[in-house]
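Examination of the molecular architecture
Residue-level listing of the chains:
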Amino acid sequence: MTIFSEKVLEVARNVQRGKTMTYKEVAARAGNSKAARAVGAIMASNKDLCIPCHRVIRSDGKIGGYNGLLGEKRMRLREEGAWQP
DNA sequence: TAGTTGACCGGAA
DNA sequence: ATTCCGGCCAACT
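The structure displayed is predicted, hence computed values, not measured ones.

**Describing the protein's contact with DNA strand B**
Around DNA strand B lies a shell of 14 residues, among which Tyr23, Lys24, Arg37, Ala44 and Ser59 are the nearest. Protein-adjacent atoms of DNA strand B, using a 4 Å cutoff, are sugar or phosphate at a proportion of 44%. The side chain of arginine 58 places a nitrogen or oxygen atom 3.3 Å from a phosphate oxygen of DNA strand B. Backbone polar atom of glycine 65 to a base nitrogen of DNA strand B: 3.2 Å apart, as the coordinates give it. Put simply, the parts of the chain that give the surface near DNA strand B at least two residues each are α2 (23–30) and α3 (36–46).

This is the structure we're talking about:
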């Protein structure tokens, strides 16, 4: 566990329902705005199922990836009203 | 220790 | 609008 990863998880955990954050924003809040890619890597390896990582999306508005089924993430975001194409 | 990989980003063609 | 390319950082081999 590095400081950065803890920060990232903390930030992701802090995202409230109905809100979304880009990987870049999370990285910036964690201290390194250029580590957007690393954020995804951390999520993938840590598999934080206790964390609302589904509220973290890409900067271009796309969903991105997910540890489990991608459809679940999409459904949750639609349910929370954060992703309505 | 060094090389690869990937839930990314922004600019260029 | 879409595709391509280089850069960035942490985890894995």
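**As for the confidence of the model for chain A**
Per-chain confidence: chain A averages 94 in pLDDT, with 100% of residues scoring 70 or above. Between the elements of chain A, mean pLDDT differs from a low of 91, seen in helix α4 (residues 70–80), to a high of 98, seen in α2.

**Here we look at the side chain of arginine 55**
Relative to the helices and strands, arginine 55 resides in the loop between α3 and β2 (56–57). Of note is the side chain of arginine 55, whose polar atom sits 3.4 Å from the backbone oxygen of glutamine 16. With sequence-adjacent residues up to four places away left out, arginine 55 is seen in contact with Val15, Gln16, Arg17, Gly18, Lys19, Thr20, Met21, Leu77 and Glu80.

**A few points about the packing of helix α1 (residues 3–14) against α2**
Where α1 meets α2, the closest approach of the two axes is 9 Å, and the angle between their N-to-C directions is 120°. Comparing their axes, α2 and α1 come out oblique. Pair α1 / α2 crosses with right-handed handedness. Taking contact as the criterion, the partners of Phe4, Lys7, Val8 and Val11 in α1 are, on α2, Val26, Ala27, Arg29 and Ala30. A class-by-class count of the residues in the contact of α1 with α2 yields six nonpolar, no polar and two charged.

Conventions used here
- Residues numbered from 1 in each chain as written.
- Chains lettered and ligands numbered in written order.
- Predicted model: local features only at pLDDT ≥ 70, side-chain atom pairs only at ≥ 80, totals over all residues.
- Heavy atoms only, no water.
- Near = heavy atom within 4 Å.
- Polar contact = N/O pair within 3.5 Å; in protein donor to acceptor, adjacent residues only side chain to side chain.
- Helix = DSSP H or I, 4+ residues; strand = E, 2+ residues; numbered from the N terminus.
- pLDDT = per-residue confidence, 0-100.
- Contact = heavy atoms within 4.5 Å.
- Axes fitted to C-alpha atoms, helices over the stretch in contact; angles between N-to-C directions.
- Parallel < 35°, antiparallel > 145°, perpendicular 65-115°, else oblique.
- Left-handed = near helix turned anticlockwise from the far one by under 90°.
- Nonpolar A, V, L, I, M, F, W, Y, C, P; charged D, E, K, R; others polar.

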